[in-house]
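These are the residues of each chain, in order.
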Amino acid sequence: AQSVTQPDIHITVSEGASLELRCNYSYGATPYLFWYVQSPGQGLQLLLKYFSGDTLVQGIKGFEAEFKRSQSSFNLRKPSVHWSDAAEYFCAVEDGGSQGNLIFGKGTKLSVKP
Amino acid sequence: GAVVSQHPSRVICKSGTSVKIECRSLDFQATTMFWYRQFPKQSLMLMATSNEGSKATYEQGVEKDKFLINHASLTLSTLTVTSAHPEDSSFYICSAEHNEQFFGPGTRLTVL
């Protein structure tokens, strides 16, 4: 069965520092991969997605992610974090055999120090 | 971008009562909507897939008689938690599919 692992439950970075959030997946075929951000009181917002092609994907808000098949990873990065980036981040893989259902990781909470 | 709303955003009810949560796609039509449940510090778990005009598809372990889903129109799906118990207290999130999934802000259910 497909699964998504986000090893870091909580990460704190200083404003202006770089960020990398880890995501590992388990999937037999080429996965469809997503990163979402959840802010308090708001719905999940799609940051970026990978379906095929270039393994480095650019998203909104200055985020990018790199698909590495050999490592079964899809880590999210941002070169310079802003205080407004503090939120919960979820990695997800699409369950291709089941009407496009998304399987989520447990999330990583990002805190930003001034 | 596409907007999905949920109502209510927060509800408190007594044990044994039923609660209805609405999920609406505001500026697009969605033949497919999804209902998720999120426990504290946990991932979103898919409960069911709601298809307009047909029965919902429930994930394994989700009681279809307890979590009633109705997708009567292309912009509205409802989740009714019947005979709610304290263990049903959770954060319920819906999404609507329009080339990708767009998520509602969630509904916090507290059962006393």
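Residues numbered from 1 in each chain as written. Chains lettered and ligands numbered in written order. Predicted model: local features only at pLDDT ≥ 70, side-chain atom pairs only at ≥ 80, totals over all residues. Heavy atoms only, no water.

**Brief notes about the state of the cysteines**
Counting across every chain of the model gives 2 disulfides over all chains. Here Cys23 of chain A connects covalently by a disulfide to Cys91 of chain A, the sulfurs 1.9 Å from one another. The sign of the S-S torsion, about -65°, decides the handedness of the disulfide formed by Cys23 of chain A and Cys91 of chain A: left-handed. Here Cys91 of chain A lies in strand 10 (residues 87-95) and Cys23 of chain A lies in the loop between strand 3 (19-21) and strand 4 (24-26), a separation of 68 residues in the sequence. Among the residues examined, Cys91 of chain A registers a relative accessible area of 0% and is labelled buried. Cysteine Cys13 of chain B shares no disulfide, and the gap to the nearest cysteine sulfur, in Cys94 of chain B, comes to 18 Å. (Disulfide = S-S within 2.5 Å. Helix = DSSP H or I, 4+ residues; strand = E, 2+ residues; numbered from the N terminus. Buried < 20%, exposed > 50% of the residue type's maximum accessible area, 1.4 Å probe, protein only.)

**Digging into the environment of Glu22 of chain B**
All names here are of chain B. Counting through the fold element by element, Glu22 comes out in strand 3 (residues 19-25). With 66 residues separating them along the chain, Glu22 and Asp88 place their C-alpha atoms 17 Å apart. Setting aside anything within four residues of it in sequence, one finds Glu22 in contact with Ser5, Gln6, His7, Trp35, Leu76, Ser77 and Thr78. A distance of 3.4 Å separates a polar atom in the side chain of Glu22 from a polar atom in the side chain of Arg24. (Contact = heavy atoms within 4.5 Å. Polar contact = N/O pair within 3.5 Å; in protein donor to acceptor, adjacent residues only side chain to side chain.)

**Thoughts on the interface of chain B and chain A**
In this complex, chain B contributes 19 residues to the contact, which on the side of chain A involves 16 residues. Taken together, the two surfaces of chain B and chain A that pack against each other cover about 1400 Å², and 49% of this comes from carbon and sulfur. Per-residue buried area on chain B facing chain A is highest for Ser43, Glu100 and Phe103 of chain B; these three make up 31% of the total on that side. Here Lys49 of chain A and Glu100 of chain B are joined by a salt bridge, their closest N and O atoms 3.6 Å apart. (Buried area = accessible area lost by both parts, 1.4 Å probe. Salt bridge = Lys/Arg side-chain N within 4 Å of Asp/Glu carboxyl O.)

**What to know about the packing of aromatic side chains**
The tally for this structure, following the rule as stated, stands at 16 aromatic pairs over all chains. Consider the rings of Phe90 of chain A and Phe104 of chain A, whose centres lie 6.3 Å apart with planes at 90°: the pair is edge-to-face. Taken together, the positions of Phe90 of chain A in strand 10 and Phe104 of chain A in strand 11 (residues 101-104) put the pair 14 residues apart, joining distant regions of the chain. Per residue, the accessibility class of Phe90 of chain A equals that of Phe104 of chain A, and both read buried. Their ring planes at 55° and their centres at 5.9 Å tell us that Phe28 of chain B and Phe102 of chain B sit as a pair that is tilted. One end of the pair, Phe28 of chain B, is in the loop between strand 3 and strand 4 (32-38); the other, Phe102 of chain B, is in strand 10 (residues 100-103), with 74 residues separating them in the sequence. (Phe/Tyr/Trp six-rings, centres within 6.5 Å; stacked < 30°, edge-to-face > 60°.)

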